[in-house]
Amino acid sequence: MLLEMRDVSVNYGKVSAMRNITLSVPEGGIVTIIGGNGAGKTTCLRAISGLARLSSGEIWFQGERIDTLSPDRIVGRGIAHVPEGRRIFKDMTVEENLRTGAFLRRDAEAVEQDLEGVFKRFPRLRERRTQRAQTMSGGEQQMLAIGRALMAKPKLLLMDEPSMGLAPVIVEEIARIIEDINAQGVPVVLVEQNAELALELADHAYVLETGNMALEGPASELHDNEHVRAAYLGV
Ligand code: ATP
């Protein structure tokens, strides 16, 4: 397994955000975490990237325990996080935003090649490279947030609600981008409220309900599961 979360609980003060969650991410695929508002999905990603501290449990990545490391060290190990709401630097240009993704890297030539790769993948980012990020549309900002994460040369990409607030046609575009990044060898953990989209993209799925793991299984099986259909797919 590439990543293993073992029996992890996270509290925010007296609020228990996730309880005894165990999940694993294999090399290669797309794993999704679905669930309603406040189920603990964002907390799960924040625990992996070191932004939320565990109250119990362990997280292992490539055979190393990482829940004791600082967030920048976790980025250094190869885990990049595309946060909920994109969190780009609005006053910086598109190119400056992208370069922040490579802040830990010392391989200057490879960084330039990867920047070129991001511009190839997202031609609109190239066209707008000197433009301030806040002038971009929601879809473009999402692409920028994904591009910035790719600049870290990740071995694992965590994506929090990439479809949020975007028009259906843009959501489809983002979905193809996620598939494409994965096809080029980067495993993805995808958190989504849009369960239909998530189950279409993922190989394996976990369902969180108020901080507990309710269900897990192959995404295609969960797509046909009665409870999932009634609670998350609106059928
Ligand atoms: P959403 O899709 O609405 O973002 P989520 O499944 O990602 O939901 P989390 O954001 O992980 O859920 O929140 C899990 C629980 O932890 C919720 O009850 C939430 O109110 C609580 N919570 C999250 N962040 C904090 C915080 N910084 N302080 C206190 N409670 C928090």
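Starting afresh in each chain, residues are numbered from 1 along the sequence in its written order. At least 70 in pLDDT is required for a residue's local features to be given in this predicted model, at least 80 for side-chain atom pairs to be given and counted, and no such filter applies to totals for whole chains, interfaces and linings, which use all residues. Hydrogens are left out, water is left out, and the side-chain values use all remaining heavy atoms of the structure.

Draft legend 1. Broad picture of the pairing of strand β10 (residues 212-218). Bridge analysis of strand β9 (residues 204-209) against β10 gives six bridges, and the strand direction is antiparallel. Of the residues in β10, the one forming a bridge with Glu209 is Asn212. Paired strands, as defined in this entry, are two strands with at least two bridges between them according to DSSP. Strands are runs of DSSP state E lasting at least 2 residues, helices are runs of H or I lasting at least 4, and numbering of each runs from the N terminus.

Draft legend 2. Inspection of the site of the ligand at higher detail. Near the ligand, the surroundings consist of 14 residues, among which Gly38, Gly40, Lys41, Thr42 and Thr43 are the closest. We define a polar contact as two N or O atoms separated by no more than 3.5 Å, with the added condition that, inside protein, one atom must be a possible hydrogen donor and the other a possible acceptor, whereas residues neighbouring each other in sequence contribute only through side-chain atom pairs. For the ligand, an oxygen atom lies 2.8 Å from a polar atom in the backbone of Gly38. The side chain of Glu161 places a nitrogen or oxygen atom 3.4 Å from an oxygen atom of the ligand. Calculation of accessible area relied on Shrake-Rupley with a 1.4 Å probe; when residues are assessed, cover is drawn exclusively from the protein chains displayed. Here the ligand has 630 Å² of accessible area as a free molecule, and 62% of this is covered by the chains. Mapped by element, the contributors of at least two residues to the shell around the ligand are β2 (15-25) and α1 (41-48). Ranked by residues supplied to the shell around the ligand, first place goes to α1 with three residues. Neighbouring residues are identified by heavy atoms, a residue being near a molecule or strand if any of them is within 4 Å of it.

Draft legend 3. Representation of the layout of surface pockets within the structure. Think of a 1 Å grid over the protein atoms and nothing else: a 1.4 Å probe that fits but is trapped marks a cavity, an open set flanked by protein within 12 Å on at least five of seven lines marks a pocket, and residues with an atom within 4 Å of a point count as lining. Grid points are joined across faces, edges and corners, and a volume is the space filled by probe spheres set on the points. In this model, the largest pocket occupies a volume close to 590 Å³. Contributing to the lining of the largest pocket are 21 residues, with Leu51, Val75, His81, Pro83 and Arg148 lying nearest its centre. Gly is placed with the polar residues, together with every amino acid not listed as nonpolar (Ala, Val, Leu, Ile, Met, Phe, Trp, Tyr, Cys and Pro) or charged (Asp, Glu, Lys and Arg). Taken together, the residues that form the lining of the largest pocket break down as 10 nonpolar, five polar and six charged. Boundaries of every domain are those given by an automatic assignment or by a domain database. Residue assignment places the lining of the largest pocket across two domains, with domain 1 (3-78 + 154-231) and domain 2 (89-152) each supplying three or more. Together, Gln113, Asp114, Gly117, Val118, Arg121, Leu150, Lys153, Pro154, Ile181, Gln184 and Val186 line the second largest pocket. Ranked by residues supplied to the lining of the second largest pocket, first place goes to helix α4 (residues 108-121) with five residues.

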